[in-house]
Amino acid sequence: MKSGKNKKAATRKAAAAARAQSAAPAANVEKTAEVKAPVEAAPAEKSVPTSQAAAQPALKAAPKQEQIKAAPVQEKLKAAPTQEKLKAAPKQEKLAAAPVPEKLKAAPKTEALKAAPVEAPKAAAESDDAVFERRLARHYGELKWLYCELYHGDEQAFEYCVSMLRKAWADRKPALRAQDAAREADPNWYRRQDLLGMMMYTNAFAGTLKGVEEKLPYIQECGVNYLHLMPLLQSPKGRSDGGYAVADFRTVQPELGTMADLEHLADACREKGMSLCLDFVMNHTSEDHEWAKKARAGEPGYRDRYFFYDNWDIPNEFEKTVPQVFPTTAPGSFTWLDDCQQVVMTNFYPYQWDLNYANPVVFNDMTENLLYLTNRGIDVIRLDAVPYIWKELGTTCRNLPQVHTLVRMMRMVCEIVCPSVLLLGEVVMEPAKVVPYFGTPEKPECHMLYNVTTMATTWNSLATADVSLLRHQMDTVCALPRDFLFLNYLRCHDDIGWGLDYPWLGARFGTEEVAHKKYLNDWFTGKWPGSDSRGELYNDDPRLGDARLCGTTASLCGVEAADFEQDPFKMERAISCDLMLHAWMLVQSGIPVLYSGDEIGQLNDYTYHDDPEKWDDSRYLHRGNFQWDLAELRHDSTTRQGKQFEGLRRLEEIRAKEQAFDAQADVWTFDTGSDHVLGVGRWYKGHKLIAFFNFSPEFVHVSSWEKGPYDELMYGGHRDDLNDVELYPYGFAWFLHTESI
């Protein structure tokens, strides 16, 4: 099999022959003037959504709108072609509902994540049908208006969408309906300060979904009550992009288990007070997905679900304005298909075909897939690569207005069918482009977003030993409405991209972007003199002087180098650095999320270099198997694993209990008297926290004018004031002052 890079490069050579046969403008698919409405059938575990079966009257071709440019495919399609009737999937037997616990159990040593009683007050008297109709009525007008504006007044497609929502509600089991009612009665349930997340790969952590369920006691011991399982739906071996090339949205990757196993795990998590998060890859499917296979074979209607072209004319126009996602491993945004002599849009890898959300069939069927997962008990849906989902010629195909329309509709869909479910947006961009995905208080979109820029700026501060940019970034976040909820993290499954505020850096320090990125990458790969960091680069592009960084938190903090050198002095300093960064993450407002293995200081895994399916993707450096033998040392304070685990747990317990960490707290930064040290204050109901974080390997003296007295929460000690505080290299301090109000 060709690599992504070779395959896309080969498309250009094949194009010459294709052009000779393509004198006419690109025609995407067979033309027809009508599309059949879908058969309403209950979803089955391995079925595809059943829209497009010919059981309802034909839809009229959508009139072309002048004010909103449709994606180029639509200029030629006008309406999706008539499809052959798909067989309705047999209705599957309902899985037995897990008993609804009277109280959610809390993780050890933390206060319970209390929910409203399962018996929803007063509204519990409503019949199930009345509950659905009430929720639908609340959103019906706006949902229909947005849908028909986006899809050119296609009311029949909208009515199918509504009928699909009714089906999803009918399939929602009692335990989930009870949770919906409880969380509706307590809409801020996910803003509590004791919420702590962890993300992990199922196979790396415990082999299978059943294995994860068996390890839930360990996850609870970590204080975790929000569990994010990385992609686990069926994807082709060797062409999976780490699970982000989905071939079937209703089937679990066989080696990990079954959909029944996933539902059983979700039930077990619910009983223990844990919320379960799963990725929903909505921008594209695998080329092995049933829709893609039928599109490849030329079956009527299926090429409308993607972006197909007879020649390179329109794709070449797109390439002029669309940035490349993987410029070195998969250059370009289109791939030539030899077998059907067509060009298809592939913004990510050649085997990931972009979906065409200008086709209402795509929105309806993908929404049905999403609701299928929420009905298995998934509490949080991570919308992967959401800025990319609308395409328009002459634009970057990023963050277009129609994207926000689609996300807003998905938010309303969830509030109608499964209001206990949260939408987490993956928007890896600068703050100005991230914040709009929250929507507005009146018309919200995502419940939560990743705090990507703060994460990248944190690592920049470590490499430069200067917190100026981090303080500037923190001030920007603090100025946002408190309703905006971020997920804060240090590391995740992905690489670190250096999307910093270069205009600000240039104006203040004269920083040049390319040179600064090279410095950061040299520092974190250990090439820079004095650096003990150990990372690897991803998508290194020497022409642009750009690359992204991979590695675990511990290895980037110097633990790996200290362990290799058997240097106890370096080890203590590296552990201090690791704990300081976690203390900084925990002091931020929002939900802190750990990357599995960070709690025991897991190091880089270099075995991927010898794996034929992974060797060319350096992100597997930090995707290694969980080291259970090292986890056994977590309570031995003489080991580095014990120091890291126990230190982190102490920080998490303080955060869960201390009122200053309340989501509604006032938060600010202050001048500590040193560019090496970040100062953060929090205040809530008379509880004032003053925190210092030393990003340098030097002893530093700092101060704060905030009046005392203070007690240090992590290491103990009492002070009358903070006029002169000494911090150890990579040290931190959390000082608390309480007053009656």
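Here the structure is shown first, and the text comes after it.
Conventions and cut-offs
Residues numbered from 1 in each chain as written. Predicted model: local features only at pLDDT ≥ 70, side-chain atom pairs only at ≥ 80, totals over all residues. Heavy atoms only, no water. Core = buried A, V, L, I, M, F, W, Y, C linked by side-chain atoms within 4.5 Å. Buried < 20%, exposed > 50% of the residue type's maximum accessible area, 1.4 Å probe, protein only. Helix = DSSP H or I, 4+ residues; strand = E, 2+ residues; numbered from the N terminus. Contact = heavy atoms within 4.5 Å. Expected span 1.5 Å × (residues − 1). Polar contact = N/O pair within 3.5 Å; in protein donor to acceptor, adjacent residues only side chain to side chain. 1 Å grid on protein atoms, 1.4 Å probe; cavity = no way out; pocket = protein on both sides within 12 Å on 5 of 7 lines; lining within 4 Å. Points joined across faces, edges and corners; volume = space filled by probe spheres on them. Nonpolar A, V, L, I, M, F, W, Y, C, P; charged D, E, K, R; others polar. Pairing = 2+ DSSP bridges. Phe/Tyr/Trp six-rings, centres within 6.5 Å; stacked < 30°, edge-to-face > 60°. Salt bridge = Lys/Arg side-chain N within 4 Å of Asp/Glu carboxyl O. Axes fitted to C-alpha atoms, helices over the stretch in contact; angles between N-to-C directions. Parallel < 35°, antiparallel > 145°, perpendicular 65-115°, else oblique. Left-handed = near helix turned anticlockwise from the far one by under 90°.

Draft legend 1. Quick peek at the nonpolar core. Ranked by size, the top nonpolar core spans 184 residues in total, and within it L229, L383, W459, F693 and W734 carry the most contacts. Examining the composition of this core, we find that 12 residues originate from one element, helix α21 (residues 568-587), more than from any other. Look past the residues within four positions of W459 in its chain and what remains in contact with it is L490, R491, I496, W498, F524, T553, L556, C557 and L581. With 14 residues, the next largest nonpolar core counts V325, F348, Y388 and Y538 among its residues.

Draft legend 2. View of α21. Between the first and last C-alpha of α21 there are 28 Å, a value that for 20 residues agrees with the 28 Å anticipated at 1.5 Å per step. α21 sits mainly inside the fold: 14 of its 20 residues count as buried. Between the side-chain oxygen at the start of α21 and the backbone nitrogen of F569 there is a gap of 3.0 Å, and the oxygen is on D567.

Draft legend 3. Focus on empty space enclosed by the protein. Taken as a whole and judged by the stated rule, the model has 9 cavities of 30 Å³ or more. Lining the second largest cavity we find 18 residues, and of these Y595, S596, Q602, H622 and G624 sit closest to its centre. Along the lines of polarity and charge, the residues of the lining of the second largest cavity split into 8 nonpolar, 7 polar and 3 charged.

Draft legend 4. Here's a closer look at the sheet that holds strand β11 (residues 342-345). Ordered by their spatial adjacency, 3 strands build an open sheet running β9-β11-β10, and the pairing between neighbours is antiparallel. The two strands at the open ends of the sheet, each matched to only one other strand, are β9 (308-309) and β10 (334-337). The pairing of β10 with β11 spans 4 bridges and is antiparallel. Counterpart to T335 in the pairing with β11 is V344.

Draft legend 5. Looking closely at helix α23 (residues 640-657). The end-to-end C-alpha separation of α23 is 26 Å, in line with the 26 Å expected for 18 residues at 1.5 Å each. In terms of residue burial, α23 counts as a mostly covered element, since 14 of its 18 residues are buried.

Draft legend 6. Inspection of the pairing of β11 at higher detail. The alternating pattern of β11 places Q342 and V344 and V343 and M345 on opposite faces, both of which are buried. Pairing of β9 with β11, which is carried by 2 bridges, proceeds in the antiparallel orientation. Across the sheet, Y309 pairs through a bridge with V343, a residue of β11. Between the antiparallel neighbours β10 and β11 lie 4 residues, among them Q341 with a positive phi of about 55°.

Draft legend 7. Fine view of the packing of aromatic side chains. In this structure the tally under the stated criterion is 39 aromatic pairs. With centroids separated by 5.5 Å and ring planes inclined at 90°, the aromatic side chains of Y306 and W353 adopt a geometry described as edge-to-face. Linking Y306 in the loop between α10 (290-296) and β9 with W353 in strand β12 (residues 352-354), this pair joins segments that are 47 residues apart in sequence. With relative accessibility at 0%, the residue W353 sits in the buried group. Consider the rings of F326 and Y538, whose centres lie 6.3 Å apart with planes at 75°: the pair is edge-to-face.

Draft legend 8. A look at the pattern of salt bridges. For the coordinates displayed, the defined rule picks out 42 salt bridges. E426 is the salt-bridge partner of R382, the closest N and O atoms lying 3.2 Å from each other. Placement of R382 in strand β13 (residues 380-384) and of E426 in the loop between β14 (422-425) and α14 (431-434) is noted, with a sequence separation of 44 residues between them. Both residues of the pair, R382 and E426, belong to the buried class. Across the pair K570 and D532 runs a salt bridge whose closest N-O atoms are separated by 3.0 Å. Here the residue K570 occupies a position in helix α21, and D532 occupies one in the loop between α18 (513-524) and β17 (536-541), the gap between them amounting to 38 residues. For K570, a relative accessible area of 25% corresponds to the partly exposed category. Within the structure, one salt-bridge network assembled from shared partners comprises K173, E263, D267, R270 and R376.

Draft legend 9. Up close: the side chain of H284. One can find H284 in strand β8 (residues 284-286). Separated by 3.1 Å, the side chain of H284 and the backbone oxygen of Y244 make a polar contact. One polar contact links H284 to Q352, side chain to side chain, over a distance of 3.4 Å. Here H284 is in contact with Y244, F249, F348, Q352, W353, D354 and L355, once residues within four sequence places are set aside.

Draft legend 10. Molecular detail of the packing of helix α4 (residues 155-170) against helix α13 (residues 401-417). Closest axis-to-axis distance for the α4/α13 pair is 9 Å, and the angle between their directions is 40°. With respect to α13, the axis of α4 lies oblique. In terms of crossing hand, the pair formed by α4 and α13 is right-handed. Across from L165, A168 and W169 in α4, the residues of α13 making contact are V413, I416 and V417.

Draft legend 11. Spatial organisation of the environment of A574. Tracing the chain through its elements places A574 in helix α21. Through-space distance from the C-alpha of A574 to that of A562 is 7.5 Å; in sequence the pair is 12 residues apart. When near neighbours in sequence (up to four residues on either side) are disregarded, A574 contacts C557, G558 and V559.

Draft legend 12. Structural context of the packing of α21 against α23. Axis separation between α21 and α23 bottoms out at 10 Å; the angle between their running directions is 20°. Compared by their axis directions, α21 and α23 come out roughly parallel. Here α21 runs over α23; the crossing is right-handed. Every residue of α23 that contacts α21 at M571, E572, I575, D578, L579, H582, A583 and L586 is listed here: R640, K643, Q644, G647, L648, L651, E652 and R655. Within the contact of α21 with α23, the residues separate by chemical class into 7 nonpolar, 3 polar and 6 charged.

Draft legend 13. Structural view of unusual backbone geometry. Across the junction of G708 and P709, the peptide omega takes the value 5°, indicating a cis bond. Within the secondary structure, P709 is located in the loop between β23 (700-704) and β24 (710-712). The backbone phi angle of Q341 is positive, close to 55°, even though this residue is not glycine. Within the secondary structure layout, Q341 lies in the loop between β10 and β11. A relative accessible area of 33% means that Q341 is categorised as partly exposed. One non-glycine residue, N399, adopts positive backbone phi at about 55°.

Remember, this is a structural readout, not a statement about activity or role.
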